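Architecture at a glance
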Amino acid sequence: MDDSSGLKHKELEFTLAAVSQLSSSSLSSSSSSSSSVIARFSADSGVAELRFHRDSEFIDGFNVDIGTSQLFKLGPVQSLCVSESSGASKEKSYSRAVTIQFRNEDESRDFHSAFEQWQKDVIQGIHLPNGAIAASKSKFDYKIEPSSAKMYFHYYGQLLHQQNMLQDYVRTGTYYAAVIENRVDFTGRVVVDVGAGSGILSLFAAQAGAKHVYAVEASEMAEYARKLIAGNPALAQRITVIKGKVEEVELAEKADILISEPMGTLLVNERMLESYIIARDRFLVPNGKMFPSIGRIHMAPFSDEYLFVEIANKALFWQQQNYYGVDLTPLYGSAFQGYFSQPVVDAFDPRLLVSPPLCHVIDFNEIKEEDLFEIDIPLKFIASVGTRVHGLACWFDVLFNGSAVQRWLTTAPGAPTTHWYQIRCVLSQPIYVMAGQEITGRLHMIAHNAQSYTMYLSLSAKMWGPGAVQGGILQTSSGKLDLKEPYYRMSQPQSYTMAQDQQPQQLLQAQAIPIHTEDLDEAELLRQPSENTGPQLQ
């Protein structure tokens with residue numbers, strides 16, 4: 001083995017039941033299952049490979065570059081190893097796949113553990129100087145589309161966007177209070193600022209007495225952070241800015257505290273929470289503190305006739321039958337669904353909520369990175385009023401669990417508005433509910449490589465009336481939304497502000513939303529709302 005590769009493992013062998021290669025063009029199988037096969041992990045010439053041998057002879061064409069491969073379980077004793085094409089095309093395409101059959105589940109589990117460890121060594125490489133970046137691809141590069149990452153880091157590399165976040169005084173003020181009021185946690189401690197941006201949180205940590213702060217920032221904002229920190233010389237000597245991703249950089253020491261602002265829309269958008277968790281696993285000492293330490297996604301059904309009609313009316317353009325002599329109506333259905341696939345980002349009146357909210361808790365101290373790849377939340381509410389439910393409203397909060405003071409940063413409706421606002425998933429088909437009626441459903445979110453999530457929402461309720469069988473008819477509405485492509489609706493009037501001593505549950509009792517006993521026909525539904533249309537907020 002070439003020690004320069006950084007791989008410290010000796011050659012490792014596994015006996016397999018069979019191995020076969022799938023052709024990318026025909027998906028035909030080239031089998032090597034006539035006798036047992038040896039899978040051997042090796043690092044010849046510094047390249048980590050998985051090579052297959054039968055009867056002591058190398059099986060030509062079956063070798064796998066561990067650094068550019070992924071391993072998937074197909075079953076308890078069968079896996080698929082997919083490796084990147086070695087062609088000249090710069091576009092990433094996976095075109096070679098090897099199916100591996102194990103003799104039992106224990107050997108399958110051990111093989112997967114070995115593969116993961118060897119791949120981790122490829123990613124990390126040898127021990128690098130403080131702040132240096134490994135040359136191999138990182139976890140971030142494997143799961144995020146390059147074009148999305150480029151746009152993401154370009155966005156956060158601009159001062160005008162950093163200013164937008166700094167001027168969110170709820171956000172910045174809460175972070176400042178959480179740090180300064182918990183000096184006991186920071187004094188004399190090593191801190192890592194994950195995704196440091198302008199470096200403001202690093203400066204807060206230094207103000208609170210941190211021994212040293214490592215500000216890790218992957219975008220060009222790292223250069224601005226250096227200037228800002230250098231301009232505060234009393235603090236600058238205890239802050240080191242490191243340009244790079246937390247998945248790639250190496251630090252000289254472990255951290256006592258991680259601080260970060262990894263929250264996106266609906267908490268999880270932009271998938272920076274995963275980087276926060278990776279930083280925890282790489283840099284944080286056992287029982288170290290995380291600021292923030294817990295996140296909660298809050299959800300409740302809502303009724304907003306104005307919003308529903310506004311979205312539905314956008315597709316009316318495609319109902320024109322003579323647009324310069326062209327009939328546009330074949331695209332109306334697709335356009336209608338397209339508008340309803342956009343989550344709405346704005347600040348809404350909490351009196352539009354149809355029931356008290358429930359929440360989904362994410363403990364940053366305990367959660368695994370892969371737990372964020374797919375988030376499945378069962379929904380169950382009791383309607384406080386009779387109305388048409390138009391979808392699910394969502395917001396989030398995070399906890400700074402300091403030793404001296406606990407502080408929450410909330411984006412709830414009715415609370416002071418933040419740059420995150422709130423988010424509403426609007427269904428193309430509303431459902432009817434009566435006061436006291438149960439609403440059930442599911443919010444299923446699947447991460448994608450554009451640094452966001454595909455959202456699958458369903459809501460159901462029983463419907464009674466003429467023709468209904470005993471027990472009622474279950475009415476269900478569902479939708480598919482892309483969290484990456486929201487409808488920003490901030491031009492609308494600002495939301496009602498909740499009094500300091502008033503809770504959303506109290507507001508629900510005061511709302512006066514009329515009960516709809518008959519469905520509107522399509523023509524009436526798509527007309528612009530009149531003064532008497534929709535919920536009446538009193």
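Quick summary incoming for the structure in this document.

Cut-offs applied
- Residues numbered from 1 in each chain as written.
- Predicted model: local features only at pLDDT ≥ 70, side-chain atom pairs only at ≥ 80, totals over all residues.
- Heavy atoms only, no water.
- Axes fitted to C-alpha atoms, helices over the stretch in contact; angles between N-to-C directions.
- Helix = DSSP H or I, 4+ residues; strand = E, 2+ residues; numbered from the N terminus.
- Parallel < 35°, antiparallel > 145°, perpendicular 65-115°, else oblique.
- Left-handed = near helix turned anticlockwise from the far one by under 90°.
- Contact = heavy atoms within 4.5 Å.
- Nonpolar A, V, L, I, M, F, W, Y, C, P; charged D, E, K, R; others polar.
- Patch = residues over 30% accessible without salt bridge, like charges linked within 9 Å, V, L, I, M, F, W, Y side chains within 5 Å.
- Areas by Shrake-Rupley, 256 points an atom, 1.4 Å probe, with all protein chains shown as cover.
- Salt bridge = Lys/Arg side-chain N within 4 Å of Asp/Glu carboxyl O.
- Pairing = 2+ DSSP bridges.
- Phe/Tyr/Trp six-rings, centres within 6.5 Å; stacked < 30°, edge-to-face > 60°.
- Lys NZ or Arg CZ within 6 Å of the ring centre and 35° of its normal.
- Polar contact = N/O pair within 3.5 Å; in protein donor to acceptor, adjacent residues only side chain to side chain.

Running from N to C, helix H5 (residues 169–180) and helix H7 (residues 200–207) cross one another at 25°; their axes reach a closest spacing of 9 Å. The angle between H5 and H7 falls in the class roughly parallel. As H5 runs across H7, the sense of the crossing is right-handed. Residues Thr172, Tyr175, Tyr176, Val179 and Ile180 of H5 form the contact with H7, whose participating residues are Leu201, Phe204, Ala205 and Gln207. Looking at side-chain class alone, the contact of H5 with H7 contains seven nonpolar, two polar and no charged residues.

Quick look at a nonpolar patch on the surface now. On the surface, a cluster of nonpolar side chains totalling about 450 Å² of accessible area is made up of Phe317, Tyr323, Tyr324 and Val326. Within the secondary structure, Phe317 sits in the loop between helix H11 (305–314) and helix H12 (332–340).

Strand order across the open sheet formed by five strands is E13-E12-E11-E14-E15, with parallel pairing between neighbours. Edge positions in the sheet fall to strand E13 (239–243) and strand E15 (284–291), since each of these pairs with one other strand and no more. With strand direction ignored, the average angle separating the axes of adjacent strands in the sheet is 25°. For strand E11 (residues 190–194) and strand E14 (residues 255–260), the ladder comprises four bridges, and the chain directions are parallel. Looking across to E14, one finds that Asp193 is bridged to Ile259.

Applying the stated criterion across every chain, the model contains 19 aromatic pairs. Measuring from centroid to centroid gives 5.2 Å for Phe186 and Phe291, while their planes differ by 75°, and the two rings are edge-to-face. With Phe186 in helix H6 (residues 183–186) and Phe291 in strand E15, this residue pair connects regions lying 105 residues apart in the sequence. Taking NZ or CZ as reference, Lys314 lies 3.2 Å from the ring centre of Tyr487, over its face.

As for its position among the elements, Ser460 is in strand E24 (residues 452–463). Once the C-alpha coordinates of Ser460 and Arg442 are considered, the two residues, 18 residues apart in sequence, prove to be 9.3 Å apart. Leave out the neighbours within four places in its chain, and Ser460 touches Ile431, Glu438, Ile439, Thr440, Leu474, Gln475 and Thr476. A polar side-chain atom of Ser460 sits 2.7 Å from a polar atom in the side chain of Thr476.

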